[in-house]
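Listed here are the chains, written in short residue letters.
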Amino acid sequence: MRRLTDYRVLTFDCYGTLIDWERGIWDALQPLIMHNAATRPTRDDALRAFAQCESDQEQATPGLRYPELLAVVHRRMAEMSGLKTEDELDAAFGASLPHWPAFPDTADALRILKQHFKLVILSNVHRAGIAASNRKLGVEFDAIYTAEDIGSYKPADTNFEYLLAHLKSDLSLDPPDVLHTAQSLFHDHVPARKFGLATAWIDRQRLSEGGSWGATERVDEMPQTDYVFFSLGEMAEAVLVA
């Protein structure tokens, strides 16, 4: 195993890794739940429904901007759960991403990591959404690539092809320089392995210890990862002693 500090760039998933999307999703679902007082899904059920509907919709409409995709997901989740929704509720959920909070450890950890690596985001959102979230992250990223730039959503091959091509053209970085750092096995670790990238799993849900899949779609076979940390802060601490 290479030392953490042998890599030149950390390529990040954002939502679930840096931004607490499960809290953001659950908070943004409260108007729908209040609108259906007699039928209230649990948090776990709602996040499982989101995971299924989001991944299905991203495959079905890869060119749809993320706010519009989230609005469709909201309506599909309501239908799946037997809840009544309205256009205004769907649209409000679609516009909620800028309000999703960062994890408490994110900004401090990124400031440490920035001293040792170039930092790049590969995200399944739109440019305006990532710009709003970026204001909570505390560092300047060397590059940010979004689904809106690429025209598809992870785990599509095209997203990782775009990432590697632009790391080369924009930052003169090659695959051996890259440590892909992410929470989602489905969106990130499976395709990163397919492209031969080293990976650091930010296992915030403690899936490696039998935890919940939460808002992330399941995978049939757990991919191999090079490093496992339970928070980004833990990874930053490991870099300091590497």
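So, a few notes on the structure that sits alongside this text.

Calculation criteria
Residues numbered from 1 in each chain as written. Predicted model: local features only at pLDDT ≥ 70, side-chain atom pairs only at ≥ 80, totals over all residues. Heavy atoms only, no water. Helix = DSSP H or I, 4+ residues; strand = E, 2+ residues; numbered from the N terminus. Areas by Shrake-Rupley, 256 points an atom, 1.4 Å probe, with all protein chains shown as cover. Lys, Arg positive; Asp, Glu negative; His and termini not counted. Charge placed at Lys NZ, Arg CZ, Asp CG, Glu CD. Buried < 20%, exposed > 50% of the residue type's maximum accessible area, 1.4 Å probe, protein only. Phe/Tyr/Trp six-rings, centres within 6.5 Å; stacked < 30°, edge-to-face > 60°. Lys NZ or Arg CZ within 6 Å of the ring centre and 35° of its normal. Salt bridge = Lys/Arg side-chain N within 4 Å of Asp/Glu carboxyl O. Arc of directions from axis to C-beta. Contact = heavy atoms within 4.5 Å. Axes fitted to C-alpha atoms, helices over the stretch in contact; angles between N-to-C directions. Parallel < 35°, antiparallel > 145°, perpendicular 65-115°, else oblique. Left-handed = near helix turned anticlockwise from the far one by under 90°. Nonpolar A, V, L, I, M, F, W, Y, C, P; charged D, E, K, R; others polar. Core = buried A, V, L, I, M, F, W, Y, C linked by side-chain atoms within 4.5 Å.

In this section: the overall build of the chain. A tally of helices and strands in the chain yields eleven helices and six strands. Entry remark: accessible area of the chain is about 10,600 Å², with carbon and sulfur atoms responsible for 50%. For the chain, the centre of its 24 positive side-chain charges and the centre of its 36 negative side-chain charges are spaced 3 Å apart.

Our focus in this paragraph is the environment of Ala51. With respect to the element layout, Ala51 can be found in helix α3 (residues 43–60). Under the relative-accessibility criterion, Ala51 is labelled buried at 4%. Taking the C-alpha atoms as reference, Ala51 lies 22 Å from Leu232; in sequence the two are 181 residues apart.

One pass over the full model with this rule turns up seven aromatic pairs. Judged by centre distance (6.4 Å) and plane angle (65°), the ring pair of Phe50 and Phe93 falls under edge-to-face. One end of the pair, Phe50, is in helix α3; the other, Phe93, is in helix α5 (residues 87–94), with 43 residues separating them in the sequence. Assessed through its relative accessible area of 1%, Phe93 is described here as buried. Measuring from ring centre to ring centre gives 6.3 Å for Tyr227 and Phe229, while their planes differ by 10°; the resulting arrangement is stacked. The pair Tyr227 / Phe229 is uniform in exposure class, with both members buried. Through pairs of rings, three or more aromatic residues link up here, namely Trp21, Phe50 and Phe93. For the cation-ring pair, Arg2 lies above Tyr7, with the distance from its terminal atom to the ring centre recorded as 4.0 Å.

This part covers the pattern of salt bridges. The full count for this structure, using the stated rule, is 20 salt bridges. Through salt bridges that share partners, Arg65, Glu68, Arg127, Glu148 and Asp149 make up one connected network.

Let's shift gears to helix α6 (residues 106–114). An α-helix turns once every 3.6 residues. As a result, residues three or four positions apart point the same way. Every buried residue of α6 is listed here: Thr106, Ala107, Ala109, Leu110 and Leu113. Along α6, the residues classed as buried sweep out an arc of 160° about the axis, all on the same side. Those residues of α6 that are buried are in contact with β1 (9–12), β2 (118–123) and α11 (232–241).

Moving on, we come to the packing of α3 against helix α4 (residues 66–80). Relative orientation of the contacting elements α3 and α4 amounts to 130°, with a least axis distance of 9 Å. Put simply, α3 runs oblique to α4. Crossing geometry of α3 relative to α4 is assigned as right-handed. Residues Ala46, Ala49, Phe50, Gln52, Cys53, Glu54, Asp56, Gln57 and Glu58 of α3 lie in contact with α4, whose contacting residues are Tyr66, Leu69, Leu70, Val72, Val73, Arg76, Met77 and Met80. By residue class, the composition of the contact of α3 with α4 is eleven nonpolar, two polar and four charged.

This next bit is on the nonpolar core. Membership of the largest hydrophobic core comes to 54 residues, with the highest contact counts inside it found for Phe12, Phe50, Tyr66 and Trp100. By residue number, the principal contributor to this core is α4, which donates six residues. In contact with Tyr66, other than residues within four places in its own chain, are Trp21, Phe50, Glu54, Glu58, Leu97, Trp100, Asn124, Val125, His126 and Tyr153. Among the nonpolar cores identified, the runner-up in size contains 15 residues, and Ala143, Tyr145, Ile150 and Leu173 belong to it.

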